[in-house]
Amino acid sequence: MADFDQELDASGLNCPLPILRAKKSLAPMDAGQVLHIISTDPGSVKDFEAFCKQTGNELLDSKDDGGKFYFLIKKS
Amino acid sequence: MSDKKLAIIATKGTLDWAYPPLILASTAAALGYETQIFFTFYGLQILKKNLNLKVTPLGNPGMPMPGNISIPVLMQAMPGMQALVTSMMKSKMQGKGIADLAELRALCVEAEVKMIACQMTVDLFEFKRSELLDSCEYGGAATFFEFAGESDINLFM
């Protein structure tokens, strides 16, 4: 996985907490910076896609590692 | 992005039904929606400072029970059943990493979701303003429509 500036471990959290935490983590970051998110919620795969589509942030990568999910989001 | 609006009417005051308005409102706020929830009738319980919501299997045949056992309706009405099922539901939720209601509500407040308590039902149930969240506002049907009329999504729960 590529480099990132911040990391958010949302393991064990269920909908909608991973999204809410991601939003909070992104808020103080600068445009162009990348947030790495770790989640165990299978619903977060589609949710982060939808989150990025609607907020204009870019989903650089989404990886399913059998029960663990990793996302790279670039702040717009 | 931030010009979208979501209006929700929350009418139910059970542990399970407190989740949908708070989950959707907090998520919508995270997506950039300007969000407002109008709490009326039993939904006002969600605004109580001292949150103590319950859930009951009585009158709710769709509620799954552990091990798929079916509890006869008369048993569901037994004293203590509501407390038992409520604590079962709470521990199940905790185990699955589902947000605590008070936490979810705090996230809504933090995300500037506007909470409006229906003045008519506040009066009807004789709730004191001091019992409800300090951040909530008070209004009636016309107040709701002022925002709902220009909202992209309106939900009744």
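Conventions adopted
- Residues numbered from 1 in each chain as written.
- Chains lettered and ligands numbered in written order.
- Predicted model: local features only at pLDDT ≥ 70, side-chain atom pairs only at ≥ 80, totals over all residues.
- Helix = DSSP H or I, 4+ residues; strand = E, 2+ residues; numbered from the N terminus.
- Rg over C-alpha atoms; globule rule 2.2 N^0.38 Å.
- Contact = placed C-beta atoms within 7 Å.
- Pairing = 2+ DSSP bridges.
- Axes fitted to C-alpha atoms, helices over the stretch in contact; angles between N-to-C directions.
- Buried ≥ 20, exposed ≤ 12 C-beta atoms within 10 Å, placed from the backbone.
- Nonpolar A, V, L, I, M, F, W, Y, C, P; charged D, E, K, R; others polar.
- pLDDT = per-residue confidence, 0-100.

> Go over the overall build of chain A, please, and point to the residues and values.
Secondary structure assignment for chain A yields 2 helices and 4 strands. Start at the N end of chain A and walk to the C end: the helices and strands fall as β-α-β-α-β-β. For chain A, whose C-alpha radius of gyration is 11 Å, the value lies close to the compact-globule estimate of 11 Å for 76 residues. Referenced to the eigenvectors of the C-alpha coordinate spread, the extents of chain A come out at roughly 30 × 25 × 20 Å. Partitioning the intrachain contacts of chain A with sequence separation of at least 6 by distance along the chain shows that 59% fall at a separation of at least 24.

> Let's hear about the sheet that holds strand β4 (residues 69-74) of chain A: which residues, and what values?
All names here are of chain A. Pairing is mixed in the open sheet, where 4 strands are placed in the order β1-β2-β4-β3. Looking along the sheet, the strands with just one partner apiece sit at the ends: β1 (6-10) and β3 (58-64). On average, each strand axis in the sheet is tilted by 15° relative to the strand beside it, whichever way the strands run. Taken together, the 5 bridges between β1 and strand β2 (residues 34-39) define a ladder with parallel strand orientation. Along β2, the bridge assignment pairs Asp9 with Ile38. Set on the sheet, helix α2 (residues 44-55) makes contact with β2, β3 and β4; between it and β3 the angle comes to about 175°.

> Give me the lowdown on the environment of Ser76 of chain A, citing residues and values where you can.
Residue and element names in this part refer to chain A. Note on placement: Ser76 falls in the segment after β4. The exposure class assigned to Ser76 is exposed, which follows from the 12 C-beta atoms found within 10 Å. Sequence separation of Ser76 and Cys52 is 24 residues, and the distance between their C-alpha atoms is 9.6 Å.

> Outline the interface of chain B and chain A, listing residues and values.
Facing the 12 residues of chain B at the interface are 12 residues of chain A. Of the residues in the side of chain B that touches chain A, the class split is 7 nonpolar, 4 polar and 1 charged.

> Lay out the sheet that holds strand β1 (residues 5-10) of chain B in plain terms, naming residues and giving numbers.
Residue and element names in this part refer to chain B. Pairing in this open sheet of 5 strands is parallel, and the strands run β4-β3-β2-β1-β5 from one edge to the other. The strands lining the two open edges of the sheet, one partner per strand, are β4 (137-139) and β5 (153-156). Shown here is a sheet whose adjacent strand axes are inclined to one another by a mean of 20°, direction ignored. Alignment of β1 against strand β2 (residues 34-39), held across 6 bridges, turns out to be parallel. Residue pairing across strands places Ile9 opposite Phe38, the latter belonging to β2.

> Report on the confidence of the model for chain B, specifying residues and quantitative values.
Within chain B, residue pLDDT values average 94, and 99% of them lie at 70 or more. The ipTM, which scores confidence in the relative placement of chains, is 0.87 for this predicted complex, and the corresponding pTM is 0.91.

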